[in-house]
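What follows is each chain in one-letter form.
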Amino acid sequence: SGLPGTGKTSLAKMLGNCLGLGNRFLNIPVARGWTSSRDILGFYNALSQSFSPAATGLYELIEQLSSEIDGNKEAAASIILLDEFNLSQPEHYFSPFLEMADPESKRVLTTGNPDKAYFNIPDYLRFLGTINQDESVQSLTPRLLDRAAIINFDDFEPNYEISVVGSENILDVNPEAISGRRFIDIFKANSLEVPADIEKVLQSVVMTLRDDRPEYGNPIIISYRKIKAIRSYYNVAGPLMSMESKYLGLDYAVCQHVIPLLNGYGQGLGKRLEALILNLPDEMDKSLR
């Protein structure tokens, strides 16, 4: 999420290049007026008795990924970038994939095509979306926010300059594609248990937002899905960040999973946010801002 020009799309493409994904990184510019999965995937034409894929290239990529599962092949990871993700309502055109955000999902995509009624979706296929927050786009619903982590690009230094050593050689390097299994293993948490001091802060955040006292206005519920995602994030990222601060991993997790849920107005919400600030350690400066 961020203003135009802050590097959202560029970073996603750089990620695909660094992972060596090549044509397994698919960039789909979302158009205004998409209303169903046929706009992004395609549809079965009963008159011609054939499937008409959308021009996005998603159907062809999904077909390839499904064939890899059917053939039990070791394959590279795959990322699909939905640029301007909320230019149309994601719950409409993206609905078949939203359900797959749940670990309990069967990860099966129904096509309506009698020749190939369904595709198996591998766990090494991931979606990235870029969004703006203005009057020209659709607002993200609680259902979607509960299944997504949002990284805010608006908090950057106005005079920031980036210098990459040896940048002239970056485009000449073609790294070997990371395997799908390796891609999953690197970012998979081995446990959902976190240190006691981290769990204490997390629970205080959850209970402060859930507090149903009338002077706090409407409560904000953090789902168990979100709590699991925060614990998982901390267990993978926390050790990498612990040299700077033991709370840094939790700070990023709260920014990505909790802060986007805060929505409302009035004195009640103000009091709730003031109480939330008091429950955050000083080291969690990103969340405090």
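Rules used in this analysis
Residues numbered from 1 in each chain as written. Predicted model: local features only at pLDDT ≥ 70, side-chain atom pairs only at ≥ 80, totals over all residues. Heavy atoms only, no water. Helix = DSSP H or I, 4+ residues; strand = E, 2+ residues; numbered from the N terminus. Rg over C-alpha atoms; globule rule 2.2 N^0.38 Å. Buried < 20%, exposed > 50% of the residue type's maximum accessible area, 1.4 Å probe, protein only. Contact = heavy atoms within 4.5 Å. Core = buried A, V, L, I, M, F, W, Y, C linked by side-chain atoms within 4.5 Å. Expected span 1.5 Å × (residues − 1). Axes fitted to C-alpha atoms, helices over the stretch in contact; angles between N-to-C directions. Parallel < 35°, antiparallel > 145°, perpendicular 65-115°, else oblique. Left-handed = near helix turned anticlockwise from the far one by under 90°. Nonpolar A, V, L, I, M, F, W, Y, C, P; charged D, E, K, R; others polar. Pairing = 2+ DSSP bridges. Salt bridge = Lys/Arg side-chain N within 4 Å of Asp/Glu carboxyl O. Lys, Arg positive; Asp, Glu negative; His and termini not counted. Polar contact = N/O pair within 3.5 Å; in protein donor to acceptor, adjacent residues only side chain to side chain.

Student: Would you explain the overall build of the protein in this entry?
Tutor: Scanning the protein from N- to C-terminus turns up 11 helices and seven strands. For 289 residues, the compact-globule estimate of 2.2 N^0.38 gives 19 Å, and the protein sits close to it at 21 Å. When the backbone C-alpha atoms are referred to their principal axes, the protein occupies close to 60 × 50 × 40 Å. Out of the 289 residues in the protein, the part that is buried amounts to 40%.

Student: Got a minute to help me understand the environment of G249 in this structure?
Tutor: Mapped onto the fold, G249 is located in helix α9 (residues 248-257). Judged by its relative accessible area of 0%, G249 is buried. A sequence separation of 218 residues divides G249 from A31, and the C-alpha atoms of the two residues are 35 Å apart. Residues contacting G249, with those up to four places away along its chain left out, are Y233, Y234, G238 and M241.

Student: How should I be thinking about the nonpolar core in this particular structure?
Tutor: Nonpolar side chains in soluble globular proteins generally cluster together in the buried interior. In this structure, L58 and L82 are the most contacted members of the largest nonpolar core, which totals 65 residues. Take this core: its biggest share by element is six residues, from helix α7 (residues 196-210).

Student: I would appreciate a short explanation of helix α2 (residues 58-70) in the present structure.
Tutor: Three or four residues apart is the spacing at which side chains of an α-helix point the same way, because the helix has 3.6 residues per turn. For α2, spanning 13 residues, the distance from its first C-alpha to its last is 18 Å, which sits close to the expected 18 Å at 1.5 Å a residue. Within α2 the residues assigned to the buried category are L58, Y59, L61, I62, L65, S66 and E68. The first or second residue beyond α2 is N72, which carries a positive phi of 55°.

Student: Which parts of the structure should I look at to understand the packing of α7 against helix α8 (residues 224-241)?
Tutor: The packing of two helices is summarised by the inter-axis angle and the distance between the axes. The N-to-C vectors of α7 and α8 enclose an angle of 155°; their axes lie 12 Å apart at closest approach. When the interaxial angle is binned, α7 and α8 end up roughly antiparallel. α7 and α8 meet at a crossing whose hand is right-handed. Taken together, the residues of α8 that come into contact with α7 (itself represented by I198, E199, L202, Q203 and V206) are I227, I230, R231 and Y234. In terms of residue class, the contact of α7 with α8 is made up of six nonpolar, one polar and two charged.

Student: In this structure, what is going on with the sheet that holds strand β4 (residues 78-83)? I would like to understand it.
Tutor: By way of backbone hydrogen bonds, the strands of a sheet pair with one another, either parallel or antiparallel. Taken in spatial order, the three strands make up an open sheet running β1-β4-β7, and their pairing is parallel. With partners counted over all chains shown, the strands left at the sheet margins are β1 (25-29) and β7 (125-129), one partner each. Each strand axis lies, on average, 20° off the axis of its neighbour in the sheet, ignoring direction. Its contacts with the sheet place α2 against β1, β4 and β7, and it is angled at close to 160° to β4.

Student: Is there a simple way to think about the pattern of salt bridges in this case?
Tutor: Proximity of charged atoms lets side chains of opposite charge pair with each other. Taken as a whole and assessed by the stated rule, the structure comprises 10 salt bridges. Its salt-bridge partner being D70, residue K116 comes within 3.4 Å of it at the nearest N-O pair. Within this pair, whereas K116 is found in strand β6 (residues 116-120), its partner D70 is found in helix α2, the two being separated by 46 residues in sequence. On the basis of relative accessibility, which here comes to 46%, the residue D70 falls in the partly exposed class. Here D211 makes a salt bridge to R213, at a shortest N to O gap of 2.8 Å.

Student: What's the story with the side chain of R272 in this structure? I'm lost.
Tutor: Assignment of secondary structure puts R272 in helix α10 (residues 267-278). No salt bridge is formed by the buried R272, whose closest oppositely charged neighbour, D211, lies at an N-O distance of 5.6 Å. In this structure the side chain of R272 is engaged in a polar contact, spanning 2.8 Å, whose partner is the backbone oxygen of L209. Of note is the side chain of R272, whose polar atom sits 3.2 Å from the backbone oxygen of G217. Those residues in contact with R272 that sit more than four places away from it in its chain are T208, L209, R210, D211, Y216, G217, N218, P219 and I220.

These figures capture arrangement, not role.
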